[in-house]
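What follows is each chain in one-letter form.
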Amino acid sequence: MSDEFDPSTASRQEVMAAFLASELQDGEILQIGAAMPVAEVAVRLAQFSHGPNMELIFIGARMNAHHLDVLPTPEFGWDRRVVRWAESYADTGHRFDRVRDWHRRVFFIGGVQVDPHGNTNLIGVGEDHRRLRFRGPGSVGTSTLSTLVGRYYILLNSHTARTFVPRCDFISAFGWGDGDPDARRKLGLPGGGPKYCVTPLCVMDFTEDTKRMRLKHLHPGVTVDDVRANTGFELVVPDEVSTTPLPTVEQLRTIRERADVRGALRR
């Protein structure tokens, strides 16, 4: 085996991408926002390895256009042949044209703050929205998508106590509210809510009874104390916490030769 694809050489970000790719199923519609390199590599890895019928949406650009039955284009009408061999096409109407089908979509959400119940804040930090100490990018569609998609993953590029806070200053995407398992249903939110929170240190899920964030996997080389020291609230920590699986040789080869040829996840 070449050292280049030795799983023990995988970066934390490559471990995160391989874990997320294993979560995705063929035929799903995967939507990725801006500044989410791990999510971009994860969905490409999933499509290359086991999801030829997946549909990828990168900030409004659909991938695998030849899988669609029809394509509306003002210039050419409803004819899929227009883009049959295209790598992608722009469809500005995809956001709201078939909302009832969004239960098949999977989304990835970041945050400048995340609380113990998976509520996320992309608006900013500070008590007064007119005088924020730090201004985020805004909800940028996450409020709508987190409400309607079948499930989503909270995915962060860093894991610090400044991000994981006891209470978000603002909520741009409602996770599990104050921890009521029925909170989303009571508000009439049809989507499935957050499944995992994935960071450069670990993978966390949510307890069944209180929907509080719980440590599920530690990435290789990370300890429970590392996670606790960088989390601004008390996590639920089981007696035994498994290690996040390393990418396989083939997964790492696919990441480095096809999904992330520029090595963004190794920088």
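The structure displayed is predicted, hence computed values, not measured ones.

### Describing the overall build of the chain
Looking only at helices and strands, one finds six helices and 16 strands in the chain. Of all 267 residues assigned to the chain, the portion counted as buried reaches 50%. The contacts of the chain with a sequence gap of at least 6 include a subset with a gap of at least 24, amounting to 67%. Summed over all atoms, the accessible surface of the chain reaches about 13500 Å², with 49% contributed by carbon and sulfur.

### As for the pairing of strand β14 (residues 202-206)
Of all five residues in β14, five are buried, a share of seventy percent or more. Bridge count between strand β13 (residues 194-198) and β14: two bridges; the pairing is antiparallel. Across the sheet, the residue bridging to Val198 is Val203, located in β14. Hairpin connection between β13 and β14: a loop of three residues separates the two successive antiparallel strands.

### Things to note about the side chain of His217
Mapped onto the secondary structure, His217 falls in strand β15 (residues 213-218). You can call His217 buried: its relative accessible area is 12%. At 2.6 Å, the side chain of His217 forms a polar contact with the side chain of Ser242.

### A short note on the packing of helix α2 (residues 37-50) against helix α6 (residues 249-259)
Between α2 and α6, the shortest axis-to-axis distance is 10 Å and the interhelical angle comes to 110°. Overall, the two elements α2 and α6 adopt an arrangement that is roughly perpendicular. Regarding α2 and α6, the two cross each other, and that crossing is right-handed. Residues Val41, Arg44, Leu45 and Phe48 of α2 form the contact with α6, whose participating residues are Gln251, Thr254, Ile255, Arg258 and Ala259. Of the residues in the contact of α2 with α6, the class split is five nonpolar, two polar and two charged.

### Thoughts on the environment of Leu56
Inspection of the secondary structure assignment puts Leu56 in strand β2 (residues 55-58). Looking at Leu56, the relative accessible area reads 1%, which means it is buried. Along the sequence, Leu56 and Glu40 sit 16 residues apart, while their C-alpha atoms lie 9.2 Å from each other.

### Considerations on the state of the cysteines
Per the counting criterion, the structure on display carries zero disulfides. With no disulfide of its own, Cys197 has Cys202 as its nearest cysteine by sulfur position, at a separation of 7.1 Å. For Cys197, a relative accessible area of 0% puts it in the buried group. Taking relative accessible area as the criterion, Cys202 reaches 0% and is therefore assigned buried.

### What about the nonpolar core?
Of all hydrophobic cores here, the largest spans 30 residues; its most connected members are Leu20, Leu24, Phe108 and Leu155. Elements that contribute at least two residues to this core include exactly α1 (12-23), β1 (29-32), α2, β2, β7 (105-109), β12 (151-155), β13 and α6. Of all the elements, α2 adds the most residues to this core, at seven residues. Setting aside its immediate chain neighbours within four residues, Leu20 contacts Val38, Ala42, Phe108, Tyr153, Leu155 and Val198. Counting residues in hydrophobic clusters, the runner-up holds 24 residues, among them Tyr152, Leu156, Trp176 and Leu201.

Cut-offs and rules
- Residues numbered from 1 in each chain as written.
- Predicted model: local features only at pLDDT ≥ 70, side-chain atom pairs only at ≥ 80, totals over all residues.
- Heavy atoms only, no water.
- Helix = DSSP H or I, 4+ residues; strand = E, 2+ residues; numbered from the N terminus.
- Buried < 20%, exposed > 50% of the residue type's maximum accessible area, 1.4 Å probe, protein only.
- Contact = heavy atoms within 4.5 Å.
- Areas by Shrake-Rupley, 256 points an atom, 1.4 Å probe, with all protein chains shown as cover.
- Pairing = 2+ DSSP bridges.
- Polar contact = N/O pair within 3.5 Å; in protein donor to acceptor, adjacent residues only side chain to side chain.
- Axes fitted to C-alpha atoms, helices over the stretch in contact; angles between N-to-C directions.
- Parallel < 35°, antiparallel > 145°, perpendicular 65-115°, else oblique.
- Left-handed = near helix turned anticlockwise from the far one by under 90°.
- Nonpolar A, V, L, I, M, F, W, Y, C, P; charged D, E, K, R; others polar.
- Disulfide = S-S within 2.5 Å.
- Core = buried A, V, L, I, M, F, W, Y, C linked by side-chain atoms within 4.5 Å.

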